[in-house]
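Structural overview for review
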Amino acid sequence: MTLQTTLQNKSFSFADVKEVLAKANEEKSGDRLAGIAAGSDLERVAAKTVLSNLLVSDLRENPAVPYEEDEVTRIIQDGVNERIYGELRGWSLAELREWLLDQNTTEAQIKRAAQGMTAEVIAGLCKLMGNLDLVYAAAKLRVTAHCNSTIGERGTLATRLQPNHSTDSVEGITASLFEGLSYGCGDALIGLNPVNDTVASLTQVLRRFDEIKRSFEIPTQICVLGHIGTQIAALKNGAPMDMIFQSIAGSQKGNEAFGFSGDTVREAQALLKRQGTAAGPNVLYFETGQGSELSSGTHCGADQVTMEARCYGFAKAFSPFMVNTVVGFIGPEYLYDSRQVIRAGLEDHFMGKLTGIPMGCDCCYTNHMPADQNDIENLALLLASAGANYIIGVPGGDDIMLNYQTNACHDAAAIREVLGLRPIAAFDAWLERMGITENGKLTDRAGDATIFMRGERS
Amino acid sequence: MTNEALAGQIAAAVLAEMRREAPAPADPVSQKEAQPPGQTASGELMAAMKKSTSARIGVGRAGARLQTRTMLRLRADHAAARDAVLLDVSQGLLDRLQLPALQSCCASQTEFLTRPDLGRCLPEEGRKALQKLQTAPCDVLIFLADGLSSRAIEANAENLLPVLLDGVKAQGLTVGTAFFVRYGRVALMDQVAALTGARVVCVLIGERPGLGSAESMSAYLAYEPRTGMPEANRTVVSNIYSGGLAAVEAGAYIAELIGTIHKAGASGVQLRERGEYDLAIKR
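Here's what I pulled together on the structure shown here. (Residues numbered from 1 in each chain as written. Chains lettered and ligands numbered in written order. Predicted model: local features only at pLDDT ≥ 70, side-chain atom pairs only at ≥ 80, totals over all residues. Heavy atoms only, no water.)

Let's talk about the sheet that holds strand 7 (residues 222-224) of chain A
Residue and element names in this part refer to chain A. Threshold: We call two strands paired when DSSP finds no fewer than two bridges between them. Secondary structure is summarised from DSSP: a helix means a run of H or I of at least four residues, a strand means a run of E of at least two, and numbering begins at the N terminus for each. To obtain each axis, a line is fitted to C-alpha atoms, and for helices this fit is confined to the stretch in contact; angles are then taken between N-to-C directions over 0 to 180 degrees.
An order of 7-6-5-12 is seen for the four strands of this open sheet, with the pairing classed as parallel. The open sheet has two edge strands, strand 7 and strand 12 (390-393), and neither has a second partner. Averaged over all adjacent pairs, the angle separating strand axes in this sheet is 25°, with direction ignored. By the bridge criterion, four bridges tie strand 5 (residues 158-161) to strand 12 in an arrangement that is parallel. Of the residues in strand 12, the one forming a bridge with Arg160 is Ile392.

Printed below as a string of structure tokens:
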């Protein structure tokens, strides 16, 4: 294993694989905040060069956090198919990158090879990819999952309808929900971020979601994104629930900071199997985002792309229905501006797909970072081209509870029209029955939320 | 195929509830939006729905895109939020409130946004200036920081600060000289306490602006804050702005809270554990 190189007559050397991975990252303010970023552009490229010559085995044998100390590392390492890894272990990352990009390499071959890769291998590949590489490689891959409907089929772009409200008013939430449905949003999920993380509040909203889902016969999933503990308690208490949500991190300490462990997720999964409202088998919803480990001081000295890849390795073990990188929510100290957010969105989607999880993205930004709506519209289009499973839909893109902006309900409809994509098949048929779309395009009825109040059919 | 009866019941329940509910707090935006053209029949229904939320519903469309007025309104609200982050608190306000101004270790706006650690400390000269300001030990020290919204300070400080100072003094507590910190973060209070020996420190700071409100301010309070203390030991009063907790009301409330914290010798979850939390949740 060579950890040094000469570039432009300057020699660069690195202490270990972890340092190579960190310094090979595209520029991110979070890596700088952590004090592990490349000191110059040249050093960054030197690290990429060294990384390209490392073998798959070098990455596998040097996890970001030691096996003995960390549950996430153990879950990832124990999940590797050793036979497939044996075939790959002698490949350099440069070779593996080119094999992935080769047009003769099929989706099935990549999915098989991915069973022999750890998160560090996938993160390493990501760092050797340009933005179009990330789109090109990810576009080969589709990852489907089934809860009540099947997400991730080729030719589809789904949305999570996010009808958040500043005080959890059930009627206010319902108003935003109807608005979103009238634009064709909500096929991946009708999912609320609650203000009040209590069993009573979660149950009240879930009951309304369930009533609406059943009375209009909407083929979709429902979830209220409280803490996993609150959701488990609500489910035990009889609340209707298709999925359970949790934010996850790339280290055991990070998950502990979120207040859960792998066992908690297993408990949720087992409980949903017995008492959930969905057919399954995929009944979990995870959210991630580069920088969350650093923000809780649990990054273990590793860079944020590597930690993000480890989130996906953890997620994979639980066969989720959807994984969402909330890419621009964390703030400019981790992803400074729209350039870094767009890059991170493409990285996360690629890494998630390669890991084998049903990946979508909340293309978003906060008001204290140099970014605006144009930037996330760009990102949404790029990700739809790359085959992302879903994006978010919020009225006007303005989330009045989380105080940030994401895609408007209009955006998915526009992107579907531009790229020739459709909603999830069952939901697509429902939209046509409701007269909201005709041959995949919005009709005159679309955008009128009151059609659900009048109980009208087209 | 649709379960018409159940759907009808939901619609009726929703409508009844929406008509009963008080208008949503203060987002002028959705109220100002016109009805989408050609949908007057649903106008009354949509009006009822809009009353239940400040989300931008019923905005209509141009193809699968936003109407021009909606798009411009969003851009205007975002511009206001950006300005709140980027613009400085005016010298005029600091003069009127007689607040001496210090600056955190951040040299620029970019540094403030990317280096939270530097926003939590004062440079050498700032530390000296602070010690010069606070000549005698005090029970309570109050300072303001721009945080992520200068507009929050501009909109609330003048109404809040005099009420707060009077309210604290009326309880017989001694109060140090109030001051302002540019590029300051919440945990700067830890260093302020260490340098001055103040028992209770309160920082009034601009919140990260949303599109609905760029003027929201928070107060963070702590008993003997120290670097490395658990964040949960700070007591927070958030949403101080005209559409949330009004500034004058907030001033009186925070003064009362400071008295409780001083008496209990604890803040945040520790205060709650001591059963003194009734006051803190009554708003």
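That covers the picture; the talk isn't over yet.
Some words on the interface of chain B and chain A
Where the parts come together, the accessible area they lose is often given as the size of the interface. Here is the rule we go by: Only heavy atoms enter the contact rule, under which two residues are in contact if any of them lie within 4.5 Å. Buried area is calculated as the accessible area (1.4 Å probe) missing from two parts once they are joined, with the contributions of both summed. The term salt bridge refers to a pairing of a side-chain nitrogen on Lys or Arg with a carboxyl oxygen on Asp or Glu at a separation within 4 Å. Pairs of N or O atoms within 3.5 Å make up the polar contacts considered here, provided that, within protein, one atom can donate a hydrogen while the other can accept it, and that residues adjacent in sequence are counted only when both atoms are side-chain atoms.
Between chain B and chain A, the contact holds 50 residues from the first and 61 residues from the second. With both chains or domains summed, chain B and chain A bury close to 4,700 Å², and 59% of this area falls on carbon and sulfur atoms. Along the contact surface separating chain B from chain A lie four salt bridges. A:Asp411 is the partner of B:Arg65 in a salt bridge, and the nearest nitrogen-oxygen pair spans 2.9 Å. Here chain B is connected to chain A by 16 residue pairs in polar contact (both at pLDDT 80 or more). Contributions of two or more residues to the side of chain B that touches chain A are made by helix 1 (4-20), helix 3 (43-51), helix 4 (68-86) and helix 6 (109-114) of chain B. Looking at the side of chain B that touches chain A, the element that brings in the most residues is helix 1 of chain B, giving nine residues.

So, a nonpolar patch on the surface
Our working rule: Here a patch means residues that are over 30% exposed by relative accessible area and free of salt bridges, tied together within 9 Å if like-charged and within 5 Å if nonpolar (Val, Leu, Ile, Met, Phe, Trp, Tyr). Using a 1.4 Å probe, the Shrake-Rupley method yields the accessible areas, and only the shown protein chains count as cover for residues. Exposed residues in this analysis have more than 50% of their type's maximum accessible area, buried residues have under 20%, and partly exposed residues fall in between, with area computed by a 1.4 Å probe over protein chains only.
On the surface, a nonpolar cluster with roughly 250 Å² of combined accessible area is contributed by A:Leu381, A:Val418 and A:Leu419. Assessed through its relative accessible area of 35%, A:Leu381 is described here as partly exposed.

Re the environment of B:Gln171
Residue and element names in this part refer to chain B. Checked against the element boundaries, Gln171 lands in the loop between helix 8 (150-169) and strand 3 (179-182). A sequence separation of 100 residues divides Gln171 from Leu271, and the C-alpha atoms of the two residues are 19 Å apart. Not counting chain neighbours up to four residues away, the residues in contact with Gln171 comprise Ala255, Glu256 and Gly259.

Section: helix 10 (residues 131-139) of chain A
Listed as buried for helix 10 of chain A are A:Asp133, A:Leu134, A:Val135, A:Ala137 and A:Ala138. Taken together, the buried residues of helix 10 of chain A touch helix 7 (93-101), helix 9 (119-127), helix 18 (338-355) and helix 19 (373-385) of chain A.

Re the pattern of salt bridges
Applying the stated criterion across every chain, the model contains 42 salt bridges over all chains. For A:Asp41, the salt bridge is made with A:Arg44, and the minimal N-O distance between the two is 3.5 Å. Linking A:Asp41 with A:Arg44, this pair stays in helix 3 (residues 41-53), spanning three residues, or about one helical turn. Given a relative accessible area of 54%, A:Asp41 falls into the exposed group. A:Asp70 is the salt-bridge partner of A:Arg310, the closest N and O atoms lying 3.1 Å from each other. In this pair, A:Arg310 is assigned in helix 17 (residues 304-316) and A:Asp70 in the loop between helix 4 (56-60) and helix 5 (71-78), connecting sequence segments 240 residues apart. Neither residue differs from the other here; A:Arg310 and A:Asp70 are each classed as buried. Linked through salt bridges whose partners overlap, the residues forming this network are A:Asp398, B:Arg56, B:Arg73 and B:Asp77.

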